[in-house]
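Residue-level structure breakdown
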Amino acid sequence: MDDGFLMEVCVDSVESAVNAERGGAGRIELCAGLVEGGTTPSMGLLQVVKQCVRVPVFVMIRPRGGDFLYSDREVEVMKADIRLAKLHGADGLVFGALTEDGRIDTELCTALLAVCRPLPVTFHRAFDMVHDPLVALETLISLGFERVLTSGCDSSALEGLSLIKRLAEQVMSSAPCVTSGLFPPGGGITERNLQRILEGSTASEFHCSARSARDSGMKFRNPNVAMGASFSAPEYSIKVADVAKVRTLNAIAKNIL
């Protein structure tokens, strides 16, 4: 962590991982399917990213998009992916699981944490879908999660800033030994709002994607076919982590001190 803040950048490609490190990221969250909020990346992607960057790489464990209520077979997939991620050099893991009534699935989380150890684990933005975030935070602390990624249960970390502040106050009163890195804000963080988010919270870490669209190198283009559903991103525009954006966010964080 440089100068008091650690910037985690979520990426879904080797290019983005390299750009994130070049821009000053202190940690990478490696995913696939960022358009769905992030799913488990391939182990090939993890292997190559680990060869190309030196910063820690935390691997998303999420077998599909959608909700965070998992079937028994999906749980088996998650356990297998955790074991493979550890085998291929993951520095930490990221997952979340809820019950049907919007509470932390303590039984499943306990089982998955046991497979993850001794690596550190982040509970991802499934937290933003819980019924009672204050109760959920206490549960996650008791389970032993190292950090909880949150937008304050709102559309972005800026919109959810008041809840993020309440969570920080709760931690300081009930578990003062827990660091402010427990719940890094994430969700909609940009150069325009990062300063307000960091000044309005006690966070020592933050999470962003810092992406820009880059035009495809394809010269021949078929406009009549799309490789996904109608809402999918266009085939001929690729979003990657932007070195300049990462550097700008890093500089903003440093200048707050």
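Further up the page is the structure itself.
Only a predicted model underlies this, so the values are computations on that prediction, with no experimental measurement involved.

What counts and how
- Residues numbered from 1 in each chain as written.
- Predicted model: local features only at pLDDT ≥ 70, side-chain atom pairs only at ≥ 80, totals over all residues.
- Heavy atoms only, no water.
- Helix = DSSP H or I, 4+ residues; strand = E, 2+ residues; numbered from the N terminus.
- Rg over C-alpha atoms; globule rule 2.2 N^0.38 Å.
- Buried < 20%, exposed > 50% of the residue type's maximum accessible area, 1.4 Å probe, protein only.
- Contact = heavy atoms within 4.5 Å.
- Areas by Shrake-Rupley, 256 points an atom, 1.4 Å probe, with all protein chains shown as cover.
- Lys, Arg positive; Asp, Glu negative; His and termini not counted.
- Charge placed at Lys NZ, Arg CZ, Asp CG, Glu CD.
- Salt bridge = Lys/Arg side-chain N within 4 Å of Asp/Glu carboxyl O.
- Pairing = 2+ DSSP bridges.
- Axes fitted to C-alpha atoms, helices over the stretch in contact; angles between N-to-C directions.
- 1 Å grid on protein atoms, 1.4 Å probe; cavity = no way out; pocket = protein on both sides within 12 Å on 5 of 7 lines; lining within 4 Å.
- Points joined across faces, edges and corners; volume = space filled by probe spheres on them.
- Nonpolar A, V, L, I, M, F, W, Y, C, P; charged D, E, K, R; others polar.
- Arc of directions from axis to C-beta.
- Polar contact = N/O pair within 3.5 Å; in protein donor to acceptor, adjacent residues only side chain to side chain.
- Parallel < 35°, antiparallel > 145°, perpendicular 65-115°, else oblique.
- Left-handed = near helix turned anticlockwise from the far one by under 90°.
- Phe/Tyr/Trp six-rings, centres within 6.5 Å; stacked < 30°, edge-to-face > 60°.
- Lys NZ or Arg CZ within 6 Å of the ring centre and 35° of its normal.

**Considerations on the overall build of the protein chain**
Per the secondary structure count, the protein chain includes eight helices and nine strands. What you see for the protein chain is a C-alpha radius of gyration of 18 Å, in line with the 18 Å of a compact globule of 257 residues. In terms of overall dimensions, the protein chain has C-alpha extents of about 60 × 45 × 35 Å along its principal axes. Across the 257 residues in the protein chain, those meeting the buried criterion constitute 50%. In the protein chain, of all internal contacts separated by at least 6 residues, the share reaching a separation of at least 24 is 67%. Here the protein chain displays about 12200 Å² of accessible surface, and carbon together with sulfur accounts for 53% of that area. If the 26 positive side-chain charges of the protein chain are averaged to one point and the 31 negative ones to another, these points end up 6 Å apart.

**Comments concerning the pattern of salt bridges**
Pairing between side chains of opposite charge can happen when the charged atoms of each approach one another. Following the criterion strictly, the structure yields 11 salt bridges and no others. Here the salt bridges share partners, and the residues they tie into one network are Glu8, Arg27, Arg147 and Glu205.

**Observations concerning the sheet that holds strand S4 (residues 92-95)**
What the seven strands build is an open sheet, ordered S6-S5-S4-S3-S2-S1-S7; its pairing is parallel. Looking at the sheet topology across the chains shown, the edges are occupied by strand S6 (147-148) and strand S7 (205-208). As paired elements, strand S3 (residues 57-60) and S4 share three bridges and run parallel to each other. Counterpart to Val59 in the pairing with S4 is Leu93. Across the face of the sheet, helix H1 (residues 14-23) comes into contact with strand S1 (6-11) and strand S2 (27-30) while running at roughly 165° to S1.

**Focus on the layout of surface pockets**
Space inside the largest pocket adds up to approximately 800 Å³. Along the walls of the largest pocket sit 32 residues, with Cys10, Leu34, Gly37, Arg125 and Gly187 positioned nearest its centre. Of all the secondary structure elements, the ones that give two or more residues to the lining of the largest pocket are S7 and helix H8 (243-256). Residue classes in the lining of the largest pocket are distributed as 12 nonpolar, 11 polar and nine charged.

**Describing helix H5 (residues 133-143)**
Those residues of H5 lying buried are Pro133, Ala136, Leu137, Thr139 and Leu140. Buried residues of H5, seen end-on, are gathered within an arc of 160° and therefore sit on one face of the element. Two or three places before Leu134, at the start of H5, stands the capping residue Asp132, its side-chain oxygen 3.2 Å from that residue's backbone nitrogen. Positioned one or two residues after H5, Gly144 has a phi angle of 105°, which is positive.

**Focus: the packing of helix H3 (residues 72-87) against helix H4 (residues 106-116)**
Two numbers describe how H3 lies on H4: the axes approach to 9 Å, and their chain directions differ by 20°. Classified by the angle their axes make, H3 and H4 are roughly parallel. The hand of the H3/H4 crossing is right-handed. Across from Val75, Met78, Lys79, Ile82, Arg83 and Lys86 in H3, the residues of H4 making contact are Leu108, Ala111, Leu112, Val115 and Cys116. Class assignment of the residues belonging to the contact of H3 with H4 gives a composition of eight nonpolar, no polar and three charged.

**Section: the packing of aromatic side chains**
Geometry of an aromatic ring pair is reported as the spacing of the ring centres plus the angle between the planes. Applying the stated criterion across every chain, the model contains two aromatic pairs. Residues Phe123 and Phe145 carry aromatic rings whose centres are separated by 5.3 Å and whose planes lie at 90° to one another, so their mutual orientation is edge-to-face. Here the residue Phe123 occupies a position in strand S5 (residues 121-123), and Phe145 occupies one in the loop between H5 and S6, the gap between them amounting to 22 residues. Across this residue pair, the class does not change: Phe123 and Phe145 are buried. Put simply, the rings of Phe95, Phe123 and Phe145 pair up and form one aromatic cluster. Lying over the aromatic face of Phe58, Arg27 brings its terminal NZ or CZ to 5.0 Å of the ring centre.

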